[in-house]
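# Breakdown of the fold
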Amino acid sequence: MEQLRKIRAGDVRTASRLIRNLEEDLPEAKTAIMRIFPHTGRAHVVGITGAPGAGKSTLVDALIASFRKKEKTVGVLCVDPTSPFTGGAILGDRLRMQRHAEDPGVFIRSLATRGALGGLSKAVGDAVHVMDVMGKDLILAETVGTGQQEVEIINHSHTVVVVLVPGMGDEIQTIKAGIMEIADIFVINKADRNGADQLANELASMLNMVPEFPGGWRPPVLRIGNCFDPVPFGESMEELSTAIIGHHRRLVETDLLGDRMKRKTMVEIHEALRDAILEPILKEMTQSGEMEEIAGRLLRKETDPYTIAGEVARRHLK
Ligand SMILES: Nc1nc2c(ncn2[C@@H]2O[C@H](COP(=O)(O)OP(=O)(O)OP(=O)(O)O)[C@@H](O)[C@H]2O)c(=O)[nH]1
Ligand SMILES: [Mg+2]
């Protein structure tokens, strides 16, 4: 209870410790989230995704400044699902964003887990709850965009910003593979480069094929030029932060916020079920050596994955 009180009062050390425990998947972290959960739901959660090096962290850093000017408090989660070896990049982000560290209206944490893929998305959802209860108006979650797992992470957000850069041929393919459907705002970053027009055209023709946008929100395509060109870059940041706030307003005005909340909750319940049901079974099967034995049987084609899954389900589910 003391912990909840401190977090609600915005205590950085208590919140940081809890987020670290979430990362480690400690049982006491789960208990803390159970207490916190009823007090969540106030913050506007913004997912920012895009290819490695697209400039996400640079944008997040500039967005913090822009939202602070609008007198909003900000939480930032830098999520690294790719590998345990890229910790250095996250460290770099933290250093860069350090200029905001003295500001009590800003709280920045990075997140990575060694464990199962689903574990990271779960930790992100829970860390968002912590920042929400701290009273942050906006929570920006940066994650590298690649595939399914990343979509799960991004589904913890109300607003999804997809960052693209010109001259990466496979970009559009990536978007088509699932991120397109969940993008609320497109950013063409480094738009001073060749290929920005072509990318904008491709996006426009893709959006033109959508018959109807939920809530009448057609995702805007914002072009953001060189971050080292401060004046136009600053203006673009204004535009982006205004678009983000505008999207949230639209969610509230239409019934879409309820849909997003539901999407968020569904992801959470799936993750909690996986944690409660699937993970213990996998752990037991691994520790007993059964998994190893199954792998052998599968390799020798003595059985198939569906038969195995059926047997395991019959054993564990009544
Ligand atoms: N020329 C130019 N370089 C940029 C711009 N924005 C970012 N960069 C550079 O691009 C590199 C990657 O930027 P980040 O902001 O770290 O990109 P990111 O998407 O967060 O990268 P990851 O988190 O590693 O996926 C850095 O060296 C930035 O300085 C831009 O507008 N113009
Ligand atoms: Mg980054």
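Details of the structure are given in the entry above.
In this text the structure is predicted, and so the values were computed from the model without any measurement.

### A few points about the packing of helix 11 (residues 256–287) against helix 13 (residues 305–316)
In contact at an axis separation of 12 Å, helix 11 and helix 13 are set at 110 degrees when each is read in the N-to-C sense. Comparing their axes, helix 13 and helix 11 come out roughly perpendicular. Judged by residue contacts, Ile 281, Glu 284 and Met 285 of helix 11 engage Val 312, Arg 315 and His 316 from helix 13. Residues that form the contact of helix 11 with helix 13 fall into these classes: three nonpolar, one polar and two charged.

### So, the coordination of the magnesium ion (ligand 2)
Ideal donor angles around a metal are set by the shape: a four-donor tetrahedron calls for 109.5 degrees, a six-donor octahedron for 90 or 180 degrees. All of the protein donors around the magnesium ion (ligand 2) are Ser 57 (OG) and Glu 142 (OE); their distances to the metal are 2.1 to 2.2 Å. With Ser 57 in helix 4 (residues 56–69) and Glu 142 in strand 4 (residues 138–144), this pair connects stretches of sequence that are 85 residues apart.

### Quick word on the pairing of strand 3 (residues 106–111)
With six of its six residues buried, strand 3 lies for the most part within the structure. Where strand 2 (residues 74–79) lies against strand 3, six bridges are found, and the strand directions are parallel. Looking across to strand 3, one finds that Val 74 is bridged to Val 106.

### A word on the sheet that holds strand 3
Taken together, the seven strands give an open sheet; going across it, the order is 3-2-4-1-5-6-7, and neighbouring strands pair in parallel fashion. Bordering the open sheet on either side are strand 3 and strand 7 (221–224), each of which pairs with just one other strand. Looking at each pair of strands side by side, their axes are set apart by 20 degrees on average, direction ignored. Pairing of strand 6 (residues 185–189) with strand 7 involves four bridges; the strand directions are parallel. Looking across to strand 7, one finds that Val 187 is bridged to Leu 222. Packed on one face of the sheet, helix 4 meets strand 1 (44–50), strand 2, strand 3, strand 4, strand 5 (159–164), strand 6 and strand 7 and runs near 175 degrees to strand 4. Along the sheet face, helix 10 (residues 230–253) touches strand 1, strand 4, strand 5, strand 6 and strand 7 and points at about 160 degrees away from the line of strand 7.

### Regarding the site of ligand 1
Around ligand 1, the structure places 17 residues, and the nearest of them are Gly 55, Lys 56, Ser 57, Thr 58 and Cys 227. In the model, an oxygen atom of ligand 1 is placed 3.4 Å from a nitrogen or oxygen of the Gly 225 main chain. Contacts to ligand 1 include Cys 227, whose backbone N or O atom sits 2.9 Å from an oxygen atom. The protein chains hide 72% of the 650 Å² of surface that ligand 1 would expose on its own. Among the elements of the structure, helix 4 and strand 4 are those that each provide at least two residues to the shell around ligand 1. At three residues, helix 4 tops the list of elements feeding residues into the shell around ligand 1. Classifying every residue of the shell around ligand 1 by side-chain character gives six nonpolar, six polar and five charged.

### Here's the deal with the pairing of strand 7
Alternating residues of strand 7 divide into Leu 222 and Ile 224, all buried, and Val 221 and Arg 223, none buried. Read as a crossover between parallel neighbours, the route from strand 6 over helix 9 (residues 196–208) to strand 7 is right-handed.

### Here we look at the nonpolar core
Generally speaking, a soluble globular protein has its nonpolar side chains buried in company with each other. Counting residues in hydrophobic clusters, the biggest one holds 31 residues, and the most contacted among them are Ile 64, Val 76, Leu 140, Val 161, Leu 240 and Ile 244. For Leu 140, the residues in contact, after removing those within four places along its chain, are Val 46, Val 60, Leu 63, Ile 64, Phe 67, Val 74, Gly 75, Val 76 and Leu 77. Formed by 28 residues, the second largest nonpolar core is a distinct cluster that contains Ile 19, Met 134, Ala 141 and Ile 153.

### A short note on the packing of helix 4 against helix 10
In contact at an axis separation of 9 Å, helix 4 and helix 10 are set at 75 degrees when each is read in the N-to-C sense. Of the possible angle classes, the one that applies to helix 4 and helix 10 is roughly perpendicular. On helix 10, the residues that touch Thr 58, Leu 59, Ala 62, Leu 63, Ser 66, Phe 67 and Lys 69 of helix 4 are Phe 233, Met 237, Glu 238, Leu 240, Ser 241, Ile 244 and Ile 245. Counted by class, the contact of helix 4 with helix 10 contains nine nonpolar, three polar and two charged residues.

Each value, and the rule that gives it
Within each chain, residues carry numbers counting from 1 in the order of the written sequence. All chains are assigned letters beginning with A, and all ligands numbers beginning with 1, in the order in which they are written. Local features in this predicted model are restricted to residues of pLDDT 70 or higher, and side-chain atom pairs are both shown and tallied only at a pLDDT of 80 or more, whereas totals for entire chains, interfaces and linings draw on every residue. Excluding hydrogens and water, the side-chain values take into account all heavy atoms of the structure. Each axis is a line fitted through C-alpha atoms, and for a helix only the stretch in contact is used; angles between axes span 0 to 180 degrees, taken between their N-to-C directions. The way it works is that DSSP assigns letters per residue, a run of H or I at least four long becomes a helix, a run of E at least two long becomes a strand, and they are numbered from the N terminus. By the definition adopted for this analysis, an angle is roughly parallel if under 35 degrees, roughly antiparallel if over 145, roughly perpendicular if from 65 to 115, and oblique otherwise. The contact criterion used is simple: two residues touch if any of their non-hydrogen atoms lie within 4.5 Å. Just so you know the grouping, Ala, Val, Leu, Ile, Met, Phe, Trp, Tyr, Cys and Pro go in nonpolar, Asp, Glu, Lys and Arg go in charged, and all remaining residues, Gly too, go in polar. Each metal's donors are the N, O and S atoms found within 2.8 Å of it, except that Na, K and Ca use a 3.2 Å limit; water is left out, so coordination can look incomplete. Note on classification: 1.4 Å probe, protein chains only; a residue is buried when its accessible area is under 20% of the maximum for its type, exposed when over 50%, partly exposed between these limits. Criterion used throughout: strands pair if DSSP finds at least two bridges between them. If even one non-hydrogen atom of a residue comes within 4 Å of a molecule or strand, that residue is called near it. We define a polar contact as two N or O atoms separated by no more than 3.5 Å, with the added condition that, inside protein, one atom must be a possible hydrogen donor and the other a possible acceptor, whereas residues neighbouring each other in sequence contribute only through side-chain atom pairs. Surface accessibility in these figures is a Shrake-Rupley result with a 1.4 Å probe; residues are shielded only by whichever protein chains are displayed. Orient the strands so they point away from the viewer, and a crossover whose first-strand-to-second-strand path over the helix runs clockwise is right-handed. The set of buried Ala, Val, Leu, Ile, Met, Phe, Trp, Tyr and Cys residues whose side-chain atoms join them within 4.5 Å is what this entry labels a nonpolar core.

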